[in-house]
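The lines below spell out each chain.
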Amino acid sequence: MDIISGTGRSGGRLLTTGLLAASLCIGAAAGAHAKTPYKGEGHVMIEPAELSWKPVGSMAEGAEISILEGDLASGDPFTIRLRLPPNYKVAPHFHPAYERVTVLSGTFHFAQGEEFRRDEARALPTGSLAIMSPGDPMFGYTGDEGTVIQLHGNGPWGIEYLNPEDDPRN
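Residues numbered from 1 in each chain as written. Predicted model: local features only at pLDDT ≥ 70, side-chain atom pairs only at ≥ 80, totals over all residues. Heavy atoms only, no water.

Take the sheet that holds strand β6 (residues 89–94) next. Strands sit in the order β9-β8-β11-β6-β13 across an open sheet of five strands; the sheet is antiparallel. In this open sheet, the two edge strands, each paired with only one partner strand, are β9 (122–125) and β13 (160–161). The pairing of strand β8 (residues 107–112) with β9 spans four bridges and is antiparallel. Looking across to β9, one finds that H109 is bridged to A123. (Pairing = 2+ DSSP bridges. Helix = DSSP H or I, 4+ residues; strand = E, 2+ residues; numbered from the N terminus.)

Structure below.
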């Protein structure tokens, strides 16, 4: 199993990539629509009504995930969607791989940093894109409306909160 070392922001503890990915998508693998991983066997076409939404084990209550393609624990490409309710806070965290986020609906307020500072976040309306490097701390929140974001990249994928108290897995 591939082990990723902490960056010192979280006390240097070691992270097991497979465990992180599994906790990110608890129960969500059954909702995958594309062959995992997708290897170009024809087209994949998915309408919003076909998505299967599940709670996200590694995020605060209210967030839901739908895996469109891929296995988050592998090194293969993945595409997921996160549905976040109104006034939802994503505590400071980082990921082991590049994060590419497209805002599909609503507005997602997003910032780089180790502390949650609402006034430093940039409002990203529908259609916006954000790309963050592995290990870069970030945080975000939604406003008075729910927000759907789409993430894609290559795994293995996971999330590490800077403050262990923010991690619902603890």
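Applying the stated criterion across every chain yields a total of four aromatic pairs. An angle of 50° between the planes, with centres 5.2 Å apart, marks the rings of F116 and F139 as tilted. Note that F116 is positioned in the loop between β8 and β9 and F139 in strand β11 (residues 138–142), a separation of 23 residues in sequence. When its relative accessible area of 24% is taken as the criterion, F116 is described as partly exposed. Overall, the relative accessible area of 0% leaves F139 in the buried class. A network of ring pairs unites the aromatic residues F116, F139 and Y141 as a single cluster. Over the ring of F116 we find K89, and its NZ or CZ is 4.5 Å from the ring centre. Over the ring of Y141 we find R118, and its NZ or CZ is 4.0 Å from the ring centre. (Phe/Tyr/Trp six-rings, centres within 6.5 Å; stacked < 30°, edge-to-face > 60°. Buried < 20%, exposed > 50% of the residue type's maximum accessible area, 1.4 Å probe, protein only. Lys NZ or Arg CZ within 6 Å of the ring centre and 35° of its normal.)

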